[in-house]
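Inside the fold
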Amino acid sequence: MAEKPLRVLVADDIASNRTIVGSFLAHLNCIPLYAEDGVEAVDMFRRESPDVVLMDLMMPRMDGFEAIKQIRALSDDHWVPIIILSALSGEGDIVHGLEVGADDYLAKPLSFPVFAARFKALHRLLDTQRRLSGSLEQVRAVANGVIDGIISADEKGKILSVNRAASQIFGYPASEMVGQPLSMLMPAGLEHTHGNHLEHYMQTGDSAVTGQIRELVGRRKDGRTFPMEIGISDLQLPNRRMFLGVVRDISEARRIQRQLAEDAARLQRYHDESEREQELAMSIMERQIRSDWLHDGAVQYAVMPARNFSGDVVAVARASDGSLYAMLADATGHGLAAAVSVLPALGAFYRGAARNAPLASLVTELNDMLCGLLPPGRFVASALVRLDAGRRGGQIWVGGVPDVLRVSDGGLVVQRFASRQLPLGIVPSAEAGVDCESFSWDAPCQIVLCSDGLTEAENARGEAFGTQGLEQTLRAAPRASRVAGLRQALTRHLGRQPAGDDVSVLILDCLMDGGGVPS
């Protein structure tokens, strides 16, 4: 017998019968619990929850038939074997006892071998029932631990079981769902549609109903509807057919999708507005820059923005005597904000060239103007050049950009002008001083200016283009196409890596007639 003894309720109004049955049970390692009539039997069952019930049929106050009915109602879904012990031998009594809820029948007087054999068989059944109950509890625990709702239903669409998540999703306790049609979970007006789909599937086996995730609308107990994803499986069991549905409430996911769509639309509007502002600013900038002078025969240039709008500016101008002025400016930051910092300097640059101002005077005017306009932390790194008309010489001022180079016709560096001045817009000229370098040439050459966006451009391996890359390209490229050569060399160096900063290059010809070739 089992290690844990069975607790057996013995209901009989005759004391000797109770004693005999009790002795049988003791030999079988069972614990007897005694009741003298049906009323006591029902009360004791309620209090003690025995494993087995042995019930006499003819007892005072409440007979065994009524006691069996009430005990069976109390046992709910937990199976407790009820065995009739009675001297009544009529088939009608036996049949009636089994119909009201008894599981077996033993006639009095009892035979111990038969009694023992029945109890051993009963014990095996109880062990099996307990194992199944344990497995069922595990399955229920797993089902209740799943975050998605799980609903089982029969062929007619009647709900057989629900897990905890399904109750929470739809707002019903399980007791209000089990036994009800699945249509109770559908929006008003669509209840019959679900029944029609199920009936169509049962007749045709249409796979559109099962085996895939579908998005439907569900209805909660309070009448509110919500979007849900549901997957339905058709389970073919040995003695029945049932459907298993896995339900997920996607209300929050849809809310997030709507929010993302609204955010994307808002960002798109912001982007479009920014594009329009960029186009306006570019139009204003283009009107400020004299592009006709950039096409001067003595000039090569390129401006390659890292973004839609470059913060680098190159400008050239001719004075009335033919002297050539040039400026390469690189404002702090990128894009439109940087370009706006340079914009005020353009007008002053062109005005200074128009009056043929000495380079030191022009730099002083630009610096002091930007000191008054730019907020703290903003400045403009730049280089300015003046090639004097009619003579082979000029002046250079460099503040904050890479070294300006003078290269021979063959591209070799013959003179280097390092940055010794602060960028424009940091300290007033009276405090910082303005120092321009003079230079001259006795053979055709070029002045090469560039922003640090060129020398500091890194490829995917983190290698900078560098001064070495600049000078190597100048040596390799023909005099008339050195800017194009630099473009190509930089593109090869970067590969698919985007430039991290705006890139600008300006090359001026210094010829033997002085001051470059007039436009």
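My aim in this report is to walk through the structure given alongside it, one point at a time. Predicted, not measured: the structure shown is a model, and the values here were computed from it. (Residues numbered from 1 in each chain as written. Predicted model: local features only at pLDDT ≥ 70, side-chain atom pairs only at ≥ 80, totals over all residues. Heavy atoms only, no water.)

Attention shifts here to the sheet that holds strand β4 (residues 82-86). Spatially, five strands are ordered β2-β1-β3-β4-β5 in an open sheet, and the strand pairing comes out parallel. Pairing within the sheet leaves two strands with one partner each, and these edge strands are β2 (31-35) and β5 (104-107). When the angles between neighbouring strand axes are averaged without regard to direction, this sheet yields 25°. With four bridges connecting them, β4 and β5 associate as parallel partners. In the strand pairing of β5, Leu85 is matched with Leu106. Docked against the sheet, helix α3 (residues 64-75) engages β3 (52-55) and β4, running at close to 165° with respect to β3. (Pairing = 2+ DSSP bridges. Helix = DSSP H or I, 4+ residues; strand = E, 2+ residues; numbered from the N terminus. Axes fitted to C-alpha atoms, helices over the stretch in contact; angles between N-to-C directions. Contact = heavy atoms within 4.5 Å.)

Looking now at the packing of helix α2 (residues 38-48) against α3. To describe two helices that pack against each other, one gives the angle between their axes and the distance between the axes. In contact at an axis separation of 9 Å, α2 and α3 are set at 10° when each is read in the N-to-C sense. One element, α2, and the other, α3, form an angle in the roughly parallel class. Here α2 contributes Gly38, Ala41, Val42, Phe45 and Arg46 to the contact with α3, which in turn contributes Ala67, Gln70, Ile71, Leu74 and Ser75. In the contact of α2 with α3, the residues fall into six nonpolar, three polar and one charged. (Parallel < 35°, antiparallel > 145°, perpendicular 65-115°, else oblique. Nonpolar A, V, L, I, M, F, W, Y, C, P; charged D, E, K, R; others polar.)

What follows covers helix α1 (residues 15-27). The end-to-end C-alpha distance of α1 is 19 Å, a good match for the 18 Å that 13 residues give at a rise of 1.5 Å each. Along α1, the positions that sit buried rather than exposed are Asn17, Arg18, Val21, Gly22, Phe24 and Leu25. For α1, the angular spread of the buried residues around the axis is 160°, confining them to a single face. Exposed side of α1, more than 90 degrees from the buried face: Thr19, Ala26 and His27 are the residues found there. (Expected span 1.5 Å × (residues − 1). Buried < 20%, exposed > 50% of the residue type's maximum accessible area, 1.4 Å probe, protein only. Arc of directions from axis to C-beta.)

Let's shift gears to the nonpolar core. Ranked by size, the top nonpolar core spans 51 residues in total, and within it Val316, Phe349, Leu384, Ile447, Leu449, Leu506 and Leu508 carry the most contacts. When near neighbours in sequence (up to four residues on either side) are disregarded, Val316 contacts Trp293, Leu294, Val299, Leu324, Tyr325, Ala326, Phe349, Tyr350, Leu506 and Leu508. If you look at the next biggest cluster of nonpolar residues, it comprises 24 residues, including Val42, Met55, Val80 and Ile82. (Core = buried A, V, L, I, M, F, W, Y, C linked by side-chain atoms within 4.5 Å.)

Okay, the packing of helix α15 (residues 466-476) against helix α16 (residues 482-494) next. Taken N-terminus to C-terminus, the directions of α15 and α16 make an angle of 130°; their axes are 9 Å apart at the nearest point. One element, α15, and the other, α16, form an angle in the oblique class. α16 is crossed by α15, and the crossing has right-handed handedness. Contacts between α15 and α16 involve Leu470, Thr473 and Leu474 from the former and Arg482, Gly485, Leu486 and Ala489 from the latter. Grouping the amino acids of the contact of α15 with α16 by side-chain chemistry returns four nonpolar, two polar and one charged. (Left-handed = near helix turned anticlockwise from the far one by under 90°.)

Moving on, we come to α3. Here α3 contains twelve residues, and its C-alpha end-to-end distance of 16 Å stays within 8% of the 16 Å for a straight helix at 1.5 Å per residue. Of all the positions in α3, only Gly64, Phe65, Ala67, Ile68, Ile71 and Ser75 are classed as buried. Taken end-on, α3 shows its buried residues confined to a sector of 160°, consistent with a single buried face. On its buried face, α3 sits against α2, β3, β4 and α4 (91-99). For α3, the N-terminal cap is Asp63; the gap from its side-chain oxygen to the backbone nitrogen of Phe65 is 3.2 Å. (Polar contact = N/O pair within 3.5 Å; in protein donor to acceptor, adjacent residues only side chain to side chain.)

Turning our eyes to something else, we now look at the pairing of strand β10 (residues 241-249). Relative to β10, strand β6 (residues 149-154) runs antiparallel, the two being bridged by six bridges. Residue pairing in the sheet places Asp154 in a bridge with Met242 of β10. Sheet analysis places strand β9 (residues 225-236) next to β10, joined by nine bridges and oriented antiparallel. By the bridge assignment, Ser233 is partnered in β10 with Leu244.

Looking now at the side chain of Asp312. Of note, Asp312 is situated in strand β12 (residues 312-318). There is no salt bridge for the buried Asp312, and the closest opposite charge comes from Arg378, which lies 11 Å off by N-O distance. For Asp312, the side chain forms a polar contact with the side chain of Ser451, separated by 3.0 Å. A polar atom in the side chain of Asp312 sits 3.0 Å from the side chain of Ser504. Not counting chain neighbours up to four residues away, the residues in contact with Asp312 comprise Val303, Ala329, Asp330, Ser451, Asp502, Val503 and Ser504. (Lys, Arg positive; Asp, Glu negative; His and termini not counted. Salt bridge = Lys/Arg side-chain N within 4 Å of Asp/Glu carboxyl O.)

So, about the sheet that holds strand β16 (residues 404-408). What the five strands build is an open sheet, ordered β11-β20-β19-β16-β17; its pairing is antiparallel. Among the strands making up the open sheet, the edge pair consists of β11 (299-304) and β17 (413-417). Averaged over all pairs of adjacent strands, the angle between their axes in this sheet comes to 15°, without regard to strand direction. Judged from the four bridges that link them, β16 and β17 form a sheet pairing that is antiparallel. In the sheet register, Val407 faces β17, and the bridge partner there is Val413. Strands β16, β17, β19 (445-450) and β20 (503-510) of the sheet are contacted by α15, whose axis makes an angle of about 25° with β16. Packing against the sheet, α16 makes contact with β11, β16, β19 and β20, and its axis sits at approximately 25° to β11.

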